[in-house]
Number of protein chains: 4
Amino acid sequence: MIIILKPAATEEQRQHIIERIESLGLRPNVSVGVKRTVIGVIGPEDVVRTVPLEAFPGVESVVPILQPFKLVSREFKGEDTVVQVGNVRIGGQKVVVGAGPCAVENREMLLETASFVSKCGASLLRGGGFKPRTSPYSFQGLGEEALKYLAEAREKTGIPVVTELMDPRDISIVLKYADIVQIGMRNMSNFALLKEVGGIDKPVLLKRGNMSTIKEFLMSAEYIVSGGNFNVILCERGIRTFETATRNTQDLSAVPVIKQLSHLPIIVDPSHATGRRNLIEPISKAAIAVGADGLLLEVHPNPETAMSDGPQSLAPPQFAQLMKNLAPVARAVGREL
Amino acid sequence: MIIILKPAATEEQRQHIIERIESLGLRPNVSVGVKRTVIGVIGPEDVVRTVPLEAFPGVESVVPILQPFKLVSREFKGEDTVVQVGNVRIGGQKVVVGAGPCAVENREMLLETASFVSKCGASLLRGGGFKPRTSPYSFQGLGEEALKYLAEAREKTGIPVVTELMDPRDISIVLKYADIVQIGMRNMSNFALLKEVGGIDKPVLLKRGNMSTIKEFLMSAEYIVSGGNFNVILCERGIRTFETATRNTQDLSAVPVIKQLSHLPIIVDPSHATGRRNLIEPISKAAIAVGADGLLLEVHPNPETAMSDGPQSLAPPQFAQLMKNLAPVARAVGREL
Amino acid sequence: MIIILKPAATEEQRQHIIERIESLGLRPNVSVGVKRTVIGVIGPEDVVRTVPLEAFPGVESVVPILQPFKLVSREFKGEDTVVQVGNVRIGGQKVVVGAGPCAVENREMLLETASFVSKCGASLLRGGGFKPRTSPYSFQGLGEEALKYLAEAREKTGIPVVTELMDPRDISIVLKYADIVQIGMRNMSNFALLKEVGGIDKPVLLKRGNMSTIKEFLMSAEYIVSGGNFNVILCERGIRTFETATRNTQDLSAVPVIKQLSHLPIIVDPSHATGRRNLIEPISKAAIAVGADGLLLEVHPNPETAMSDGPQSLAPPQFAQLMKNLAPVARAVGREL
Amino acid sequence: MIIILKPAATEEQRQHIIERIESLGLRPNVSVGVKRTVIGVIGPEDVVRTVPLEAFPGVESVVPILQPFKLVSREFKGEDTVVQVGNVRIGGQKVVVGAGPCAVENREMLLETASFVSKCGASLLRGGGFKPRTSPYSFQGLGEEALKYLAEAREKTGIPVVTELMDPRDISIVLKYADIVQIGMRNMSNFALLKEVGGIDKPVLLKRGNMSTIKEFLMSAEYIVSGGNFNVILCERGIRTFETATRNTQDLSAVPVIKQLSHLPIIVDPSHATGRRNLIEPISKAAIAVGADGLLLEVHPNPETAMSDGPQSLAPPQFAQLMKNLAPVARAVGREL
């Protein structure tokens, strides 16, 4: 932590700050420059963070030196984390594709989609039973019924299922059926929910909030990991910007940035980021090229009748073609699909 | 709802869309222009919204005509809603000030602050027992203990208390002590929580997410109101932009925009929006001038020792001075403080 | 300047950096912490800035200590700058209102508007002859003809005129007629133009780019002032955010932030920020309450026929009413209109 | 153009709007719905755009149907534009790489870099003589001297050179030496400059403003093309968002979005978008995978001594390695490097 004093800071104010630092068992390093005095604070940054130094008279600004996350950082663990679910390894050599409908609408459409995407090479089945919808008047999902269909689809296809948890009170229901528990982008900073999934023994797929920085994203992962659950898969799904041509702006730079900062695997969701079916293929290719460990894609047997996210869902033939076109890109960056 | 077709849309595609519209009991109005064909859909917009028209072949874009919110809109209710809590009326002639510490740290600091702010003219006491913190290692609040102190402070000062609910499982505890239940900005789209407070009989203070449009903000209010609870107070507390000079950018235009769209009262929180104590006074004045129904301010007996939000908390003398300086501005716009 | 080293930085890398610092005649202050080594660089920050320290191996990040602007800063000049144009003082006790049409469309409309706004108390007449339009097919302004009408309007009303310069080649034409030269928001970082107006002896009204931070805004002012022209009036006219309810988001916090950082006067343009006529009054009040030194408002004799910015232009009766309603707010914050 | 009326719009207001539409020779299509009346305006959108319909009483909002750009649109020209400069074709099968230093610092460094990058397979040499710098105290470029070195480098390497034009008064100097004239991101909406390069017979490389929408970007291209110069190369170089981990956020979705809207070629500049050398490789791969026609990269013989953009410049060995790693990605998407 570095404290920059105002040019007009008095000797008294400076002394007051130094005393406060020393009272915490920390060591101040005062450096008097031509225009500013700077105080470096040496010692555990945790302790320093408990003091609101900006609130002290004479302080111009405070600059933290360390990242606020620990257990999810590369400094804590150098090698990549690989999350294993059944036979599927997320974060390894193979680029993993999760596919399925936005919402599970009924048994038939789910089983049909599941069978199709697994045949095309998808390793995970996605589908929502509890749906966060911006309108209280929109379809809110089938709840536990949807989860039963997901479990049935897993039996039939052999691929693990990922589904969203929105309410901590639903955790036992979701754990009964899901292989991976998804925390949606609107709940990225729902700390009650994060603490809840920090205590489970199933992997968590954590989506980035669409207005959250990479640092905040990793802090939310830290909530889960600090609860004891190290099996966290990050998912970049677009951030909100001024551009309206796409639903959100897919921040592909976040993938290599996170790879440098953290050991956790990271996948990309182009369906929610772009909101447009005709952008899924180029962005999926780019996501693999940039180093993502996987993709999360919305596939619907008939997007025209989809109860949510129709415009961004791939029809089955489009998904089949996409999988074929992605394979060479994966190979070009030394991976496989 | 208006559907704009692609220039290359075929007669078949157009017919397919028209049939779908008619099958829903709606009436299509086809208008063939020089460059584009446009189909207006006449009938209840609710019904139209259930069909993902963008997913139909030949469609270029779809333009909604009506706002997605209903019960919170001015069209539904022309006159202003006034939320009454004890003797306090929010949304009326008087500009209401809620003040208190970010977190309740102990009994003494709370009672001292409560007594001071109520003497200075604050009508509401704010203070958190359950604190959403970006770091799992930060102070998370005293929980129910804090709420007991808030209730005690209410007894002593006679002013109602507002405190945050983060987890639907805590609702009975919070309702036991709080007069107004706050939904924090990170939970503005936590629909499970919104549904929960839609069913209570106490007013809800709903903070705007820092990543949320005005439309989404009103849709979150709609969740609560559609559950039967019309006593919703909106709070603009800054949005995230590229500017880093302030913690967030206070969007004061949101106040008159919301006044035009909705009948609900709206207050402003300059402490969280700016994050800087020396901006509280000018922004508070501007908030009153722009038409806000109230202010929410952080006050701490000693900001230097605050366990959260020290840099943006006012010390008691600053708060006293502020209240004096705000009164003439309220009078200048035909209100009182 | 503070250099934070990577945890894995080698002794060699550290030495290499220290040598580079010393070779510039600067003094390094090395502080070895538990997790990071930090090097403070003592000496003129100008010199340090010429070295791309982030490009050195072993460097994690570089933190500047001083603001990059100098002549426009409060540290350079403590008291407020008041820009005087004729009898008008911008930055003094009186809140100054500049009003007029977006574009000068013809002689009659300009003279009529000028006469009206000056009667209502406007101190400056605004109007464009050279118009920056997003479409090459839109009306581009009357050019010098417009400027002649502006000069005529000044003769008749006695109030100074402000008009935009878009092209450095037009400077002699603009100087011939204008009292204040406006640099529009799209040209805030047109450094060729900034250098040009740095050398003139008339005041410059510099609009904030809608994509520009406060720091960049002040750096653009620094360009002008460093050329010798200290008569710069800043103008906040909204920034681009994700919110689409208003054309831009008026960043009123920028006013007190800039007042703290700089001695230059700052005015607010609610017409361009909001883009909506029915928001002009509340935002104008808020702008005065927050501490702005003036307002810039679009007024058109008949907004329905305006060749640009009709939707945000006030009709004359609205402007007259607005001026009446603003006066009490100015008095409430110790100023006059 | 579609006009949505307020629910409270009177018959008189409606009639007034209809008359105005008819007076322009356009045809109104009135559609009375349950909640809103909608007026479609049939006829050339150009004519409609000249009327500020939002300014009419009774109007709630106005929705344009057509994109505002014409000559640059796919509707105007279906097949891809290929810009040819010497032997280099931009927008064809081959992905084109432009490389070189940010600023030309002296003859030696330029010739050395040019020779190196052309040997590695770069097709264009980039380098600035006129430099837009945020600080007036920073190195502003060598001016014409730099352009002479660029011309010399072209003689020696045989590859065309691209360099920035900042001031319309420098156009004859720049045209004397450059093969492609660059308009930098800060000048994307400098319409005086755009008009100037609309009249030249050399290709223009137009960079996207970092706070400009895709629509605005294409409108700036329309300025150039409407002046008669169809040889425009677009360049996405990152947009400004709330995320600070990268200098800007590279908006790779813009590439396929623009490919759908326009026939112009588009390249990507990861150096300015990310600002970080260690992100250049993954983002370059992603740019090719997403469909970009080329890359613009900063290469400096010794980034530690670079007078600008050192932290994002590649050292020669890094560039050589990058070119090798990009080739397989180009092949994977059916192109070559």
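Residues numbered from 1 in each chain as written. Chains lettered and ligands numbered in written order. Predicted model: local features only at pLDDT ≥ 70, side-chain atom pairs only at ≥ 80, totals over all residues. Heavy atoms only, no water.

Focus on the interface of chain B and chain A
So, point 1. Between chain B and chain A, the residue contacts involve 46 residues of the former and 46 residues of the latter.
So, point 2. Roughly 3800 Å² is buried in total at the junction of chain B and chain A, and carbon and sulfur atoms are behind 55% of that figure.
So, point 3. Taken together, chain B and chain A are joined by four salt bridges.
So, point 4. B:E216 is paired through a salt bridge with A:R240; the nearest N and O atoms lie 2.5 Å apart.
So, point 5. Remark: the boundary between chain B and chain A carries 20 residue pairs in polar contact (both at pLDDT 80 or more).
So, point 6. Listed by contribution, the elements that provide at least two residues to the side of chain B that touches chain A are α6 (191-198) and α7 (214-226) of chain B.
So, point 7. Grouping the amino acids of the side of chain B that touches chain A by side-chain chemistry returns 19 nonpolar, 14 polar and 13 charged. (Contact = heavy atoms within 4.5 Å. Buried area = accessible area lost by both parts, 1.4 Å probe. Salt bridge = Lys/Arg side-chain N within 4 Å of Asp/Glu carboxyl O. Polar contact = N/O pair within 3.5 Å; in protein donor to acceptor, adjacent residues only side chain to side chain. Helix = DSSP H or I, 4+ residues; strand = E, 2+ residues; numbered from the N terminus. Nonpolar A, V, L, I, M, F, W, Y, C, P; charged D, E, K, R; others polar.)

Quick look at the packing of helix α10 (residues 280-290) of chain B against helix α11 (residues 316-332) of chain B
All names here are of chain B.
So, point 1. The interhelical angle for the contact between α10 and α11, taken along N-to-C directions, is 25 degrees, at an axis separation of 9 Å. Our classification of the angle between α10 and α11 gives roughly parallel. Between α10 and α11 lies a crossing whose hand is right-handed. Together, I280, E281, S284, K285, I288 and A289 of α10 and L322, N325, L326, V329 and A330 of α11 make up the contact between the two elements. (Axes fitted to C-alpha atoms, helices over the stretch in contact; angles between N-to-C directions. Parallel < 35°, antiparallel > 145°, perpendicular 65-115°, else oblique. Left-handed = near helix turned anticlockwise from the far one by under 90°.)

Details of the side chain of C:T163
All names here are of chain C.
So, point 1. For T163, the location among the structural elements is in strand β9 (residues 161-164).
So, point 2. In this structure T163 comes out as buried when scored by relative accessible area, which is 1%.
So, point 3. Among residues more than four places away in sequence, those in contact with T163 are G127, G128, G129, L147, L150, V174, A178, I180, V181 and Q182. (Buried < 20%, exposed > 50% of the residue type's maximum accessible area, 1.4 Å probe, protein only.)

What to know about the relation of the copies chain A and chain D
So, point 1. Turning chain A through 180 degrees and shifting it by 0.0 Å along the axis lays it on chain D, with an RMSD of 0.0 Å. Here the transformation between the copies is reduced to the relation of a two-fold axis. Among all residues of chain A, the one whose C-alpha sits closest to the rotation axis is A:A286, at a distance of 2.1 Å.
So, point 2. Same-surface contact between copies: 100% of interface residues of chain A are shared with the interface of chain D. (Least-squares fit on C-alpha atoms with pLDDT ≥ 70 in both.)

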